[in-house]
Amino acid sequence: MPTVLGLEGSANKVGAGVVRDGVILSSARATYVTPPGHGFAPGPAGRHHRRALLALVGDALGHARTRPQDLDAIAFTKGPGMGAGLAVVAAVARTLAQLWQRPLLAVNHCVGHIEMGRLLGPAPDPLVLYVSGGNTQVIAFSRRRYRILGETLDLALGNCLDRFARILQLPNAPSPGHHVERLARRGRRLLDLPYGVKGMDVSFSGLLTHLRETAFAMLAEVTERALALTGTRHLLLVGGVACNQRLQEMLRTMCGARGAELCPIDERYCQDNGAMIAQAGWEMLRAGQTTPIDQSGITQSSALLVQSGIGRTRSRSRGGIEATPTE
Ligand code: MG
């Protein structure tokens, strides 16, 4: 029964998790918290991760009742993300892999979110709406690749909500979007806003000072178009913004109207976590795709990120994320 330790730290969260054959044994996480109104810079976030990660690895192994010798591989986030945090995670992963003499698995962060969603959901091949601080994409699996059908042309939805929260001086724990949602629930009047759907793509930059309902409606529209295009009956919502209840409601309504279903969302695993990296790594291990240490460098950019994960190569935009199925 292969058991994989996964390490994540590509943004302001750092985590370690253990997965064994489709079962999440543990997920320990810490957030680099900044004062309300402030974003986070890569350097201090990386230093936070460096201080926190070893204790999180200990917690993850302890909660999973797993010893280092029980592990079959060490998975880590190769990218995309912020360099300082990625470098800390990669250094710890390389050290543990050599210390414990276990293979390394370099995981694409985006694939980590998707594979965790697939593990938790009932649908093996859903349409995926991936919404987070760094990404906003409508993704479908076709002919051995994850195909990006549509995406934001500028800001990621989560980044748009984060910036909006910063303007309002809202706290960033557990997430800025959480506080935007809480305030929006009390709102009475919907402002008329620019609606930036361009084919299968969306644009949020003109919305920054306006927001939410309109941004979510735009995403529901392009996602509905992708459901129609692919004929898929299941929609999987992944990424940090997947926690947003209003976005879930709108997508559930849209899916219901066309005989499709929004897969259940487990908020514990929407935001970045180590278990999702362990799960994507577990799939890689099953496919025999380990990462030699001299190829375990990090990649900040999402462009041309060579992904190991289940053999996926993410190229810019329409190129999609290449995937070699594991079975
Ligand atoms: Mg993420």
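Remember, predicted model here, so these are calculated numbers, not experimental data.

What follows deals with the environment of alanine 220. Within the secondary structure, alanine 220 sits in helix H6 (residues 213-230). The class of alanine 220 is buried, set by a relative accessible area of 10%. Alanine 220 sits 70 residues away from threonine 290 along the chain, and the two C-alpha atoms are 37 Å apart. Dropping the residues within four chain positions of it, alanine 220 is found in contact with Leu251 and Met254.

For the largest pocket, the calculated volume is near 1200 Å³. Lining the largest pocket are 50 residues, with Asn12, Ser132, Gly133, Gly134 and Asp162 positioned closest to its centre. Where the lining of the largest pocket is concerned, the elements lending two or more residues are helix H3 (109-120), helix H4 (157-167) and helix H5 (176-184). Ranked by residue count, the leading element in the lining of the largest pocket is H4, at 6 residues. Among the residues making up the lining of the largest pocket, the classes are represented as 16 nonpolar, 25 polar and 9 charged. Two domains each provide a minimum of three residues to the lining of the largest pocket, namely domain 1 (3-113 + 270-295) and domain 2 (125-264).

Attention now goes to the pairing of strand E8 (residues 145-151). Within E8, 5 of the 7 residues are buried, leaving the element largely enclosed by the surrounding structure. By the bridge criterion, 6 bridges tie strand E7 (residues 136-142) to E8 in an arrangement that is antiparallel. Residue glutamine 137 lies in a different strand from E8, and its bridge partner there is glutamate 151.

The next thing to look at is the domain arrangement of the protein. Per the domain assignment, the segments making up the protein are domain 1 (3-113 + 270-295) and domain 2 (125-264). The distance between the C-alpha centroids of domain 1 and domain 2 comes to 26 Å. Buried surface at the junction of domain 1 and domain 2, summed over both partners, amounts to about 1200 Å²; 57% is from carbon and sulfur atoms. At the surface where domain 1 touches domain 2, the tally comes to 0 salt bridges. Across the domain 1-domain 2 interface, the total number found is 1 residue pair in polar contact (both at pLDDT 80 or more). No other element matches the 3 residues that H3 contributes to the side of domain 1 that touches domain 2.

Time to look at the coordination of the magnesium ion. Note on the magnesium ion: its protein donors are His109 (NE2), His113 (NE2) and Asp272 (OD). The metal-donor distances range over 2.1 to 2.3 Å. Mapped onto the polypeptide sequence, the residues donating to the magnesium ion form the spacing pattern H-x3-H-x158-D. You can see histidine 113 sitting in helix H3 and its partner aspartate 272 sitting in the loop between strand E12 (261-262) and helix H8 (274-286), a full 159 residues away along the chain. By the burial criterion, histidine 113 is buried, and aspartate 272 matches it.

Time to look at the packing of H3 against H8. Packing of H3 against H8 leaves a shortest axis separation of 8 Å and a crossing angle of 85°. By the criterion of interaxial angle, the relationship of H3 to H8 is roughly perpendicular. Of H8, the residues touching H3 (which contributes His109, Val111, Gly112, His113, Glu115, Met116, Arg118 and Leu119) are Ala275, Met276, Ile277, Gln279, Ala280 and Glu283. Residue classes in the contact of H3 with H8 are distributed as 7 nonpolar, 4 polar and 3 charged.

So, how was this worked out
Residues numbered from 1 in each chain as written. Predicted model: local features only at pLDDT ≥ 70, side-chain atom pairs only at ≥ 80, totals over all residues. Heavy atoms only, no water. Helix = DSSP H or I, 4+ residues; strand = E, 2+ residues; numbered from the N terminus. Buried < 20%, exposed > 50% of the residue type's maximum accessible area, 1.4 Å probe, protein only. Contact = heavy atoms within 4.5 Å. 1 Å grid on protein atoms, 1.4 Å probe; cavity = no way out; pocket = protein on both sides within 12 Å on 5 of 7 lines; lining within 4 Å. Points joined across faces, edges and corners; volume = space filled by probe spheres on them. Nonpolar A, V, L, I, M, F, W, Y, C, P; charged D, E, K, R; others polar. Domains from an automatic or database assignment. Pairing = 2+ DSSP bridges. Buried area = accessible area lost by both parts, 1.4 Å probe. Salt bridge = Lys/Arg side-chain N within 4 Å of Asp/Glu carboxyl O. Polar contact = N/O pair within 3.5 Å; in protein donor to acceptor, adjacent residues only side chain to side chain. Donors = N, O, S within 2.8 Å, 3.2 Å for Na, K, Ca; no water. Axes fitted to C-alpha atoms, helices over the stretch in contact; angles between N-to-C directions. Parallel < 35°, antiparallel > 145°, perpendicular 65-115°, else oblique.

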